[in-house]
Amino acid sequence: MIFTMIKNSLFRAKAQKFLAFITVGLSVALIACMLNMTLKIGDEVAKELRGYGSNIVVLPKSNALSVEIGGKEYSPLKNEDYLKEADLHHIKEIFWRNNIVAFAPFLDGKVKSGDKIYSIQGTYFDKNVPISDENDYKTGVTQLNIFWHVDGEYPKDDSLTSVIVGDRLAQKDGIKVGDKLNLANHEVSVTGILHGADTQKNQVVMSLKLAQILLDKPGLINKAEVSAMTIPENDLSVRARRNLDSLDSVEYDKWYCSAYVSSIAYQISEEFPSSLAKGVLSVSQTQSGITQKIQSLMGIVSIIALLISSIGITSLMSSEIYRRTKEIGLLKAIGASNFSIYLNFCLEMVIVGVIASLFGVILGYALSFALFYQIFDSFVGFSFMVLPLCVAFGVLICILGSILPLKSVIDILPAKALYGRK
């Protein structure tokens, strides 16, 4: 009988049911849009920040011994030790190997060119670095520093005759593409002018092999920079970064098996002999800060949507109960309990809520695709967990919105409802 009553009620008062459908549907659409974007935005922010360079630097252990004095960091043993180029493949052979997007080694030094002294840097541009199970893996600064721009072209890896020059150095010395430079009695050709770099704007950048020859450092590098996909930092990762010994065995396993910048750096240090990998905190903290603020904002928007839509349902339910006062009085007169009347109205709203939620999820997915593409110029994809969460959210709106109006059912007397008197 109750299902017959619910079916009949759903097809009566279509205007009120439609308004309830729109209220729940639009609220769920907003939540679905926010939730689908929130679940993906951490990865997208990390990808965007990779454009600003590496988030992990690998140094010789002696170079990593630094002291902070007056807000400045001093490395007394800097340039006293080197890493081996032959060990670079270990960076891509850790547990989180698939999160390593790119890496590049660097060797810095100074060489004479006539009466001038040039600062040079050797690196990989787009070099094949064979690693276990992936012999065709390529990496270098063209993937690590995607914000670099070269007027001309990059030198070939292992080239002994081609270099690029930082834009500030080129402007100061009047160097142009095609010019010849004599570096430590070794003639090279300038194939490009580098723009968008930081320290390299005053340097001559070349293949690592050429730099090793000019500096007489065969097979050696100063450091390696790594770009890795990481998750935002939380209390666990901060504690591990400050004092790894403070973690118990369960916390350590959770930290080690999570893609925090600190755990990836730690694993690189384990695999790379005589090295110490450190997270570049400015990048990881920026990623964490942006992601957490966006997620907090979306959480606040969701709560506001929940409250406003619940108020709307409360108003519609109050109107529905007033319209059906005689029906409620008749139900009470034939022996219906308050609970069965509550159940009748709640089931009606839950059915409307479920259907409206499904509609809202579809609309929310569409909105998230459009907004994500507009912001990041890429597609967000589907997060399937959004569907059950949003349906539950829609049902919650209906239940919360029905609580206060249904309390008035207790006060409805059959005689007053049917005959207008007590």
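The rules behind each value
- Residues numbered from 1 in each chain as written.
- Predicted model: local features only at pLDDT ≥ 70, side-chain atom pairs only at ≥ 80, totals over all residues.
- Heavy atoms only, no water.
- Buried < 20%, exposed > 50% of the residue type's maximum accessible area, 1.4 Å probe, protein only.
- Helix = DSSP H or I, 4+ residues; strand = E, 2+ residues; numbered from the N terminus.
- Pairing = 2+ DSSP bridges.
- Phe/Tyr/Trp six-rings, centres within 6.5 Å; stacked < 30°, edge-to-face > 60°.
- Lys NZ or Arg CZ within 6 Å of the ring centre and 35° of its normal.
- Polar contact = N/O pair within 3.5 Å; in protein donor to acceptor, adjacent residues only side chain to side chain.
- Contact = heavy atoms within 4.5 Å.
- Core = buried A, V, L, I, M, F, W, Y, C linked by side-chain atoms within 4.5 Å.

Peer 1: Even after reading the chapter, I still don't get the pairing of strand 12 (residues 186-195), so can you show me in this structure?
Peer 2: Of all the 10 residues making up strand 12, seven are buried; the element is thus mostly covered by neighbouring parts of the structure. Looking at chain direction, strand 9 (residues 149-152) and strand 12 are connected through four bridges and run antiparallel. Considered in strand 12, the bridge of Asp151 is made with Ile193. With four bridges joining them, strand 11 (residues 180-183) and strand 12 adopt antiparallel strand pairing. When the sheet's bridge partners are listed, Asn182 is paired in strand 12 with Glu187. As consecutive antiparallel partners, strand 11 and strand 12 are separated by two residues, and within that stretch Ala184 has a phi angle of approximately 50 degrees, a positive value.

Peer 1: Hey, could you run me through the packing of aromatic side chains in this one?
Peer 2: The description of an aromatic ring pair uses the distance of the two centres, along with the angle that the planes make with each other. Tallied over the full model, the rule gives 10 aromatic pairs. When the ring of Tyr252 is compared with that of Trp255, the centres are 5.8 Å apart and the planes differ by 45 degrees; the resulting orientation is tilted. Of this pair, Tyr252 and Trp255 both sit in helix 7 (residues 249-256), separated by three residues, roughly a single helical turn. Of the aromatic side chains, those joined through ring pairs into one cluster are Tyr252, Trp255, Tyr256 and Tyr266. One residue, Lys127, lies across the ring of Tyr124, its end atom 5.5 Å from the ring centre. Between Lys223 and the ring centre of Phe106, over which it is positioned, the NZ or CZ distance is 5.8 Å.

Peer 1: Looking at this structure, how should I read the side chain of Ser119?
Peer 2: Note that Ser119 resides in strand 6 (residues 116-123). Judged by relative accessible area, Ser119 falls into the buried class, the value being 18%. There is a polar contact of 3.1 Å between the side chain of Ser119 and the side chain of Gln203. Leaving out residues up to four positions away in the same chain, Ser119 has contacts with Gly109, Lys110, Asn202, Gln203 and Val204.

Peer 1: Quick question: what am I supposed to make of the environment of Leu236 here?
Peer 2: Relative to the helices and strands, Leu236 resides in helix 6 (residues 235-242). What makes Leu236 buried here is its relative accessible area of 12%. Taking the C-alpha atoms as reference points, Leu236 and Lys254, 18 residues apart in sequence, are found 8.8 Å from one another. Not counting residues within four places of it along the chain, the set of residues in contact with Leu236 comprises Leu247, Glu251, Lys254, Trp255 and Tyr260.

Peer 1: Just checking my understanding: could you explain the nonpolar core for this structure?
Peer 2: As a rule of thumb, soluble globular proteins bury nonpolar side chains together. In terms of nonpolar packing, the biggest core is built from 45 residues, with Ile91 and Ile268 touching the most fellow members. Val24, Ile328, Ala356 and Val386 belong to the second-largest nonpolar core, a separate cluster that totals 26 residues.

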